[in-house]
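# A structural walkthrough
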Amino acid sequence: MTEADQELLKSKPHGKIADAVVALDGSGQYRTINEAVNAAPSHSNRRHVIYVKKGLYKENIDMKKKMTNIMMVGDGIGQTIVTSNRNFMQGWTTFRTATFAVSGKGFIAKDMTFLNGGSWLPRTGVKFTAGLSN
């Protein structure tokens, strides 16, 4: 991790140095995390910071391998919540049940909660997955 990334983790970037702001109430550039992720540069060599304001975001995010060096910052654990309810019994593969899936290199998340309401037995659901391949 670079020194600049360590400084970002120590600070509260919020809207001040964020490249994109997500807010359910429309006060940001985007209303959903998916919109902000889809607008982020592909194969980026520089850190791209997405600030997600507090709220309950009901969506599945799948950050493909081309989405590199993304940092997602919320307003705090229990304040910025990403949730979904996909589960195996609905016909999804276990990997595809993830509320938040990351395949790109260099991802960092801070001050966010990830939930999957479909994860209680006997249904299987994943909250967060991260996988990198060379």
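Per an unreviewed UniProt entry, the chain is named Pectinesterase catalytic domain-containing protein, and its organism is Medicago truncatula. Here the chain is described in UniProt, under the heading Pathway (unreviewed entry), as follows: "Glycan metabolism; pectin degradation; 2-dehydro-3-deoxy-D-gluconate from pectin: step 1/5."

### What about the nonpolar core?
Grouped together as the largest cluster of nonpolar side chains are 20 residues, with contacts concentrated most on Ile33, Ile50, Met63, Met72 and Phe100. Elements with a contribution of two residues or more to this core: β1 (20-22), α3 (33-39), β2 (48-52), β4 (61-63), β5 (70-73) and β7 (100-102). The greatest single-element share of this core, amounting to three residues, is contributed by α3. Ignoring anything within four residues of it in the chain, the contact list for Met72 reads Ile33, Val37, Ile50, Val52, Met63, Phe100, Phe107, Ile108, Ala109, Lys110 and Met112. In this structure, Ala18, Val21, Tyr51 and Ile108 belong to the second largest nonpolar core, which totals eight residues.

### So, the pairing of β2
For β2, the tally of buried residues reaches five of five residues, placing the bulk of the element in the interior. As judged from the three bridges shared by β1 and β2, these two strands associate in the parallel manner. Its bridge partner being in β2, Val21 is matched across the sheet by Tyr51. Since β1 and β2 lie parallel, the crossover through α3 that links them has a hand, and here it is right-handed. Pairing between β2 and β5: four bridges, direction parallel. Each residue of the ladder has a partner; that of Val49, found in β5, is Met71.

### Observations regarding the confidence of the model for the chain
Looking at the chain, pLDDT values average 83 and 80% of them are 70 or higher. Within the chain, the element-level pLDDT minimum falls on strand β10 (residues 128-130), averaging 53, and the maximum on α3, averaging 97.

### Some remarks on the packing of aromatic side chains
Aromatic ring pairs are described here by two measures, namely the spacing of the ring centres and the angle between the planes. Under the defined criterion, the tally for this structure stands at two aromatic pairs. Note on Phe100 and Phe107: the rings are 5.5 Å apart at their centroids and 40° apart in plane angle, and the pair reads as tilted. Here Phe100 and Phe107 have matching classes, each one buried. Arranged with centres 4.9 Å apart and planes meeting at 65°, the rings of Phe100 and Phe114 form a pair that is edge-to-face. Taken as a pair, Phe100 in strand β7 and Phe114 in strand β9 (residues 113-116) lie far apart in primary sequence, 14 residues in all. Judged by relative accessible area, Phe114 falls into the buried class, the value being 16%. Pairwise contacts between aromatic rings join Phe100, Phe107 and Phe114 into one cluster.

Criteria and thresholds
- Residues numbered from 1 in each chain as written.
- Predicted model: local features only at pLDDT ≥ 70, side-chain atom pairs only at ≥ 80, totals over all residues.
- Heavy atoms only, no water.
- UniProt positions renumbered as here; feature names shortened; annotations may be inferred.
- Core = buried A, V, L, I, M, F, W, Y, C linked by side-chain atoms within 4.5 Å.
- Buried < 20%, exposed > 50% of the residue type's maximum accessible area, 1.4 Å probe, protein only.
- Helix = DSSP H or I, 4+ residues; strand = E, 2+ residues; numbered from the N terminus.
- Contact = heavy atoms within 4.5 Å.
- Pairing = 2+ DSSP bridges.
- Right-handed = clockwise from strand over helix to strand, strands pointing away.
- pLDDT = per-residue confidence, 0-100.
- Phe/Tyr/Trp six-rings, centres within 6.5 Å; stacked < 30°, edge-to-face > 60°.

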